[in-house]
Amino acid sequence: MMIEQLVTSLIASAAFGLIFNVPKKLLGHCGFVGMIGWFIYISFVEHKADSVFATFVSAFFIAVVSQLFARMYKTPITVFSISGIIPLVPGGMAYEAMRYVVMNDYSMAIQLAAKAFMISGAIAMGIVFSEVANQLVKKRTSR
């Protein structure tokens, strides 16, 4: 089951790279970043970690790997980070929240919407913390 999920996350991330006009020679790298992020997420969730925390850690490592690839291939970090984040985006959860609103089940809709909002915030915070860590490392090595 894990292999199928990893391959699917690789394909999804590379496909979104196509949508965002990533250079063709970097599509595999974008897919790899997404696959690494999904692997970290699944590993944490299988070990009973909260999905919000697992998303935060995954987003952090996606941003770190994206920074490394951006330096290696002399491209903007967004080429890798946006494609890599795609598997973590809680689109299905947001859809389910809206479906429950339409069905007049507001308590379930609020629960799902709050969870989707927290996961989205975890993605943003993971990327921000990665950039802060990167700046701290740069500052220490430049002394």
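Just so you know, these numbers come straight off a predicted model, no measurement behind them. (Residues numbered from 1 in each chain as written. Predicted model: local features only at pLDDT ≥ 70, side-chain atom pairs only at ≥ 80, totals over all residues. Heavy atoms only, no water.)

Q: Lay out the side chain of S81 with the relevant residues and their values.
A: Turning to its location among the elements, S81 is positioned in helix α4 (residues 78–85). Owing to a relative accessible area of 12%, S81 belongs among the buried residues under this scheme. If we skip the residues at most four places from it in the chain, S81 touches I62 and S66. (Helix = DSSP H or I, 4+ residues; strand = E, 2+ residues; numbered from the N terminus. Buried < 20%, exposed > 50% of the residue type's maximum accessible area, 1.4 Å probe, protein only. Contact = heavy atoms within 4.5 Å.)

Q: Provide a residue-level description of the pattern of salt bridges, including the pertinent values.
A: Tallying each qualifying case throughout the model produces two salt bridges. Across the pair D50 and K115 runs a salt bridge, and its minimum N-O distance is 3.6 Å. Residue D50 is found in the loop between α2 (27–46) and α3 (51–73), and its partner K115 is found in helix α6 (residues 106–141); the two are separated by 65 residues along the sequence. D50 gets classed as partly exposed once you look at its relative accessible area, which sits at 42%. (Salt bridge = Lys/Arg side-chain N within 4 Å of Asp/Glu carboxyl O.)

Q: I'd like a description of the side chain of S13, backed by residues and values.
A: Mapping S13 onto the fold places it in helix α1 (residues 2–19). By relative accessible area, which is 0% here, S13 ends up buried. What S13 contacts, discounting residues up to four positions off in sequence, is C30, G31, G34, S83, G84 and P87.

Q: I'd like a rundown of the UniProt feature "transmembrane region" (unreviewed entry) in the chain, residues and numbers included.
A: Look at the UniProt record and you will see "transmembrane region" (unreviewed entry) annotated at residues 27–45, 51–70, 77–98 and 110–133. For residues 51–70, helix accounts for 100% and strand for 0%, while the C-alpha atoms at its two ends are 28 Å apart. (UniProt positions renumbered as here; feature names shortened; annotations may be inferred.)

Q: I'd like to hear about the packing of α2 against α4, residue by residue, with values.
A: Two elements in contact, α2 and α4, have axes whose closest approach is 8 Å; the angle formed by their N-to-C orientations is 50 degrees. By the angle between their directions, the pair α2 and α4 is classed as oblique. Crossing angle aside, the handedness with which α2 passes α4 is right-handed. Contacts from H29, C30, V33 and G34 of α2 reach α4 at V79, F80, S83 and G84. Residues that form the contact of α2 with α4 fall into these classes: four nonpolar, four polar and no charged. (Axes fitted to C-alpha atoms, helices over the stretch in contact; angles between N-to-C directions. Parallel < 35°, antiparallel > 145°, perpendicular 65-115°, else oblique. Left-handed = near helix turned anticlockwise from the far one by under 90°. Nonpolar A, V, L, I, M, F, W, Y, C, P; charged D, E, K, R; others polar.)

Q: Provide a residue-level description of the UniProt feature "domain: Threonine/Serine exporter ThrE" (unreviewed entry) in the chain, including the pertinent values.
A: Per the UniProt annotation, the sites labelled "domain: Threonine/Serine exporter ThrE" (unreviewed entry) are residues 5–132. Across residues 5–132, helical content stands at 82% and strand content at 0%; the span's end C-alpha atoms are separated by 30 Å.

Q: Any chance you could break down the nonpolar core for me, citing the residues and the numbers?
A: Core analysis: the biggest nonpolar cluster contains 21 residues, and V22, V33, Y41, V79, F80, I85 and L88 have the highest contact counts within it. Where this core is concerned, the elements lending two or more residues are α2, α3, α4 and α6. In contact with I85, other than residues within four places in its own chain, are A59, I62, I123 and I127. (Core = buried A, V, L, I, M, F, W, Y, C linked by side-chain atoms within 4.5 Å.)

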